[in-house]
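Fold and contact review
So you can see what is in the structure, the chains are spelled out below.
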Amino acid sequence: MRPLTYLLTLSLIISVSCKSNNSKAEHQIPVIETGKASSVAKIWIDSITGHKVEKLVNRPGDNRSFYFHNNPFLKSEDGTEDLMIFSGSSETGNQFFTVNLTTKEVQQITHKKGNKRGEILGRKTRKVFYMIKDSVFATHIDTHKTEFIYKFSDDVIGSVTTLNADETLLGGALITKEENEIFKKNPKKSSYFDKIYEAKLERSLITINVNTKKFKNIYSENAWLNHIQFSPTDPDNLMYCHEGPWHKVDRIWNINIKTKDTTLIHKRTVEREIAGHEFFSPDGETIWFDLQIPRSVTFYLAGKNLETGKETRYGLKRDEWSIHYNISPDQKTFAGDGGDPGQVARAKDGMWLYHFTPKEDSLVSEKLVNMKNHNYDLEPNVHFSPNGKQIIFRANFEGTTQIYAVDIEKHQH
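As a starting point, this report considers the structure included with it. (Residues numbered from 1 in each chain as written. Predicted model: local features only at pLDDT ≥ 70, side-chain atom pairs only at ≥ 80, totals over all residues. Heavy atoms only, no water.)

**Brief notes about the overall build of the chain**
Operational definition: Strands here mean DSSP runs of E at least two residues long; helices mean DSSP runs of H or I at least four residues long; both are numbered from the N terminus. Here the radius of gyration uses the C-alpha set of atoms, whereas the globule reference equals 2.2 Å times the residue count to the power 0.38. Throughout, exposure labels follow a simple rule: accessible area from a 1.4 Å probe, protein chains only, divided by the maximum for the residue type, with under 20% read as buried, over 50% as exposed, and the rest as partly exposed. Any pair of residues with heavy atoms lying within 4.5 Å of one another is described as a contacting pair. Only the protein chains shown count as cover for residues, and the accessible areas themselves come from Shrake-Rupley with a 1.4 Å probe. His is not counted, nor are the chain ends, whereas Lys and Arg count as positive and Asp and Glu as negative. In this description, the location of a charge corresponds to atom NZ of lysine, CZ of arginine, CG of aspartate or CD of glutamate.
For the chain, the count of helices and strands is 4 helices and 31 strands. Radius of gyration (C-alpha) of the chain: 23 Å, near the 22 Å computed for a compact globule of 413 residues. Its C-alpha atoms give the chain principal-axis dimensions of about 85 × 50 × 40 Å. When each of the 413 residues of the chain is scored for burial, the buried share is 52%. A sequence separation of at least 24 residues applies to 45% of the contacts in the chain between residues at least 6 apart. Just so you have it, the chain exposes about 19800 Å², and 50% of that area is on carbon and sulfur atoms. Averaged over its 55 positive side-chain charges, the chain has a centre that lies 3 Å from the centre of its 53 negative ones.

**Notes on the layout of surface pockets**
Here is the rule: Here a cavity is any set of points on a 1 Å grid over the protein atoms alone where a 1.4 Å probe fits but cannot get out, and a pocket is any open set with protein on both sides within 12 Å along at least 5 of 7 lines; a residue lines the site when it has an atom within 4 Å of a point. Grid points are joined across faces, edges and corners, and a volume is the space filled by probe spheres set on the points.
Quantified by volume, the second largest pocket comes out at close to 980 Å³. Residue lining of the second largest pocket: 38 residues in total, with His69, Asn70, Asn71, Arg123 and Pro232 positioned closest to the centre. Contributions of two or more residues to the lining of the second largest pocket are made by strand 5 (73-75), strand 9 (117-122), strand 13 (157-163), strand 17 (225-230), strand 21 (274-280), strand 25 (325-327) and strand 29 (383-384).

**A word on empty space enclosed by the protein**
In this approach, a probe sized like a water molecule rolls over the atoms, and the result shows the empty space that is left. Going by this rule: We call Asp, Glu, Lys and Arg charged. Ala, Val, Leu, Ile, Met, Phe, Trp, Tyr, Cys and Pro are nonpolar, and the rest, Gly among them, are polar.
In the structure shown here, the tally under the stated rule is 3 cavities of 30 Å³ or more. Estimates place the volume of the largest cavity at around 40 Å³. What lines the largest cavity is Glu179, Ile196, Tyr197, Ala199, Lys200, Leu201, Arg203, Ala223 and Trp224. With 3 residues, helix 4 (residues 189-199) is the single largest residue contributor to the lining of the largest cavity. Of the residues belonging to the lining of the largest cavity, the class tally is 6 nonpolar, no polar and 3 charged.

**Re the pairing of strand 14 (residues 169-175)**
As a reminder of what qualifies: Strand pairing requires that DSSP identify at least two bridges connecting the strands.
For strand 14, the tally of buried residues reaches 7 of 7 residues, placing the bulk of the element in the interior. Where burial is concerned, the two faces of strand 14 agree: the one with Leu169, Gly171, Ala173 and Ile175 and the one with Leu170, Gly172 and Leu174 are both buried. Inspection of the sheet shows strand 14 paired to strand 15 (residues 203-209) by 6 bridges, in the antiparallel sense. The residue bridging leucine 169 from the neighbouring strand is asparagine 209, located in strand 15.

**Observations regarding the side chain of glutamate 320**
To be explicit about the condition: Salt bridges are counted wherever a side-chain nitrogen of Lys or Arg sits within 4 Å of a carboxyl oxygen of Asp or Glu. The term polar contact refers here to a pair of N or O atoms within 3.5 Å; inside protein, the definition further demands a hydrogen-donor-capable atom paired with an acceptor-capable atom, and it admits residues adjacent in sequence only when both atoms are side-chain atoms.
Considering the arrangement of structural elements, one finds glutamate 320 in the loop between strand 24 (311-316) and strand 25. Salt bridges are absent for the buried glutamate 320, whose nearest opposite-charge side chain, lysine 317, sits at 4.7 Å. Polar contacts involving the side chain of glutamate 320 include one to the main-chain amide nitrogen of lysine 317, which spans 2.9 Å.

**Notes on the packing of aromatic side chains**
Working definition: an aromatic ring pair is given by the centre-to-centre distance plus the angle between the planes. Spelled out, the test is: Any Phe, Tyr or Trp ring, taking Trp's six-membered ring, that has another such ring centre within 6.5 Å forms a pair; planes under 30 degrees apart are called stacked, those over 60 apart edge-to-face, and the others tilted. For a Lys NZ or an Arg CZ to count as sitting over a ring, it must be within 6 Å of the ring centre and within 35 degrees of the ring normal.
Under the counting rule described, the total for this entry stands at 23 aromatic pairs. Consider the rings of tyrosine 150 and phenylalanine 215, whose centres lie 5.7 Å apart with planes at 10 degrees: the pair is stacked. Here the residue tyrosine 150 occupies a position in strand 12 (residues 146-151), and phenylalanine 215 occupies one in strand 16 (residues 215-221), the gap between them amounting to 65 residues. Among the residues examined, phenylalanine 215 registers a relative accessible area of 27% and is labelled partly exposed. Between tyrosine 354 and phenylalanine 356, the ring centres sit 5.5 Å apart and the planes meet at 25 degrees, which makes this aromatic pair stacked. Comparing tyrosine 354 with phenylalanine 356, the two get one shared label, buried. Members of the aromatic cluster, each reached through a chain of ring pairs, are Phe66, Phe96, Tyr130, Phe137 and Phe148. Of note, lysine 200 hangs over the ring of tyrosine 197, and the distance from its end group to the ring centre comes to 3.7 Å.

**Some words on the side chain of serine 328**
Along the chain, the position of serine 328 falls in the loop between strand 25 and strand 26 (334-336). Look at serine 328 and you get buried, because its relative accessible area is 3%. Polar contacts involving the side chain of serine 328 include one to the side chain of aspartate 330, which spans 2.6 Å. Among the polar contacts made by the side chain of serine 328, one reaches the main-chain amide nitrogen of lysine 332 at a distance of 3.2 Å.

**A closer look at the sheet that holds strand 11 (residues 135-140)**
Applied cut-off: Here the axes come from fitting lines to C-alpha atoms, over the contacting stretch only for helices, and the angles between their N-to-C directions go from 0 to 180 degrees.
Across the sheet, 4 strands lie side by side as 9-10-11-12; this open sheet has antiparallel pairing. The open sheet terminates on both sides in strands that have one partner only, identified here as strand 9 and strand 12. Strand-to-strand, the axes of this sheet are offset by a mean angle of 20 degrees, without reference to chain direction. Pairing analysis gives 4 bridges linking strand 9 to strand 10 (residues 127-132), with the strands arranged antiparallel. Residue pairing across strands places isoleucine 120 opposite phenylalanine 129, the latter belonging to strand 10.

**Looking at the packing of helix 3 (residues 177-185) against helix 4**
So the rule is basically this: Any angle between 65 and 115 degrees counts as roughly perpendicular, while under 35 counts as roughly parallel, over 145 as roughly antiparallel, and the rest as oblique. By convention, the crossing between two helices is left-handed when the near helix turns anticlockwise from the far helix through less than a right angle, and right-handed when the turn is clockwise.
Following both chains from N to C, one finds helix 3 and helix 4 inclined at 165 degrees, their axes separated by 9 Å at the closest point. Relative to helix 4, the element helix 3 is oriented roughly antiparallel. Two packed elements cross with a definite hand, and for helix 3 against helix 4 that hand is right-handed. Judged by residue contacts, Glu179, Ile182 and Phe183 of helix 3 engage Tyr192, Lys195, Ile196 and Ala199 from helix 4. For the contact of helix 3 with helix 4, a count of residues per class yields 5 nonpolar, no polar and 2 charged.

So this is what it looks like as structure tokens:
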């Protein structure tokens, strides 16, 4: 038997060698300004923030993550790993794919020809729901089997954008053909936004039962009803907004789809106050939103508790304002995607991805990604990863739309 001192020495040598190799591997990650060159590198340390960023999806063409309030995550079929659904360009129109957040393996889910709109994931049924032209389809994540759900009649223009908590009902809207013509003639948001609001045309909130295929018109109003989201926990609670210039509307509303009772979530109190880009907390208890009192002057991330009616407000600095915010899985911190100087905050130094931690009545920010080489015509739409350790976003650093993830914890050299 070898002496104990020999074994201890050998163990120490192996340990030091492993540490040395690990350290060498760590140092191989380039420290570089976030932009086209870093995107090509695929993994890098943002030279200003010190956080590690990686290109999450590596496949040809454009790859686009979901809108900020649409959940893209579910477990793998065996329940051991996290998957994310995303949309990618192809020769047959955009298709839906999964990426394994651990192995980065990409699998194509849909193969049906045609451009797909809508990005609705049913985690329980393991289906992705979407529209091609006037028809609604669902494709199973694991089997890739596609089923037809519903076709809107020729005399209406309909869409679906959300799925309720028990995954039995799709929610969406009907618009008039007159409104659709305004969109066609004014394709840019700067052109159609005021025109649609001022037209005061009828819109309806609708549901489609995914099992019986039954269609229901649940509420109509001569207003631009938009941003439609079911509660993640209450299958009867549907949130919608009165769209238009935010300083002219009391925007955020809930409707009980059984009783048809509507509730205003935030009432404006001063001239030019705005509230918007609303989203549910994961437990369905709170609706969070961007609040400015008045517009472009004082900035908050606010939350309305649906049970108590209490409104929480966290103050932000102008440069920290973000187009969209999101909340971590444990509901303790937030993320924001920043904005360029042309956005409502008129921030001079706002082109960053942020991580926010509440402290008393304010949010303490940390910059995660330098976004100065990103064109904000594409909104980054931040999501926390399911384990809460990364923030996933989309960007156009390399000239195409791609998906990235940044570590919340700063990289240790």
